[in-house]
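Single-letter residue listing:
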Amino acid sequence: MNTLETTPQDTFAMPRIGDKAPEFTAVTTQGNINYPSDYKGKWSILFSHPADFTPVCTSEFMTFAHLEEKFAKANCSLIGLSIDGLYSHIAWLRTIKDKIEFNGMKNIEVKFPLIEDISMEVAKKYGMIQPGESKTQAVRAVFFVDPNETVRAIIYYPLSLGRNFDELYRALIAMQTSDKFNVATPADWNPGDDVIVSPAGSCGVAEERMTSTEDLDCKDWFFCTKKLDKDLVLDAILKK
Ligand code: BEZ
């Protein structure tokens, strides 16, 4: 067999949306953590990157660190991971702070935990190793975990592609909006845009929707939107 081919043994299960986030204890640059229990009551984003001292990862870490406060205001903590050791992590984060300037950011201190995962234990548990892409480095996985420790969204990127942080933040705010206001959010939704009300579950409700004088905008019986004020959304979600 070609040594680059993947075998079933190389492929690891990953949690799915709606699953309880798999538990682990890990050593990080901010001390030991128990995940997800240390984050109960908060949202968290658990993300992996391929390796320390690599350019795309460096650009991403600087961006995450720059935005950490913004995510914290939305009750969301950040936790990074790569298959590197603790001392490599520490050296890399020190280099970022002391030497690297990117997109107008400099002297960036990464204050959120970065997990050492030389054993790949956590990476395997979360399906962050995708052998067709790399057998030794984690891909760029992003797990959104809610305050009840449930996986709510998963986004994967290949090694060569840096993540879009506007989208990560948008997805977080959209999911929190869905939870708070019992609505869904349409394509490209951002706070202030109309939201989707739950679909009609009976013929009667479908008829009502089409004839209603309520503040609904029904394109058809199955596709009704309503206004949701931007400040109402942000006041409900963001810490003052
Ligand atoms: C990077 O972060 O620059 C990188 C890491 C692994 C493979 C390709 C790029």
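Procedures and definitions
- Residues numbered from 1 in each chain as written.
- Predicted model: local features only at pLDDT ≥ 70, side-chain atom pairs only at ≥ 80, totals over all residues.
- Heavy atoms only, no water.
- Domains from an automatic or database assignment.
- Near = heavy atom within 4 Å.
- Polar contact = N/O pair within 3.5 Å; in protein donor to acceptor, adjacent residues only side chain to side chain.
- Areas by Shrake-Rupley, 256 points an atom, 1.4 Å probe, with all protein chains shown as cover.
- Helix = DSSP H or I, 4+ residues; strand = E, 2+ residues; numbered from the N terminus.
- Nonpolar A, V, L, I, M, F, W, Y, C, P; charged D, E, K, R; others polar.

A. Layout of the domain arrangement of the protein. Each domain of the protein was delimited in the assignment, giving domain 1 (8-163) and domain 2 (182-237). Centre-to-centre separation of domain 1 and domain 2, based on C-alpha positions: 35 Å.

B. Looking closely at the site of the ligand. Around the ligand, the surrounding shell consists of Pro50, Thr54, Pro55, Val56, Cys57, Gln137, Arg140 and Leu159. Interatomic distance of 3.0 Å between a side-chain N/O atom of Thr54 and an oxygen atom of the ligand. Backbone polar atom of Val56 to an oxygen atom of the ligand: 2.7 Å apart, as the coordinates give it. A total of 260 Å² of accessible area belongs to the ligand in isolation, and the protein chains cover 78% of it. Here the shell around the ligand takes three residues from helix H1 (residues 55-73), the largest share from any one element. A class-by-class count of the residues in the shell around the ligand yields five nonpolar, two polar and one charged.

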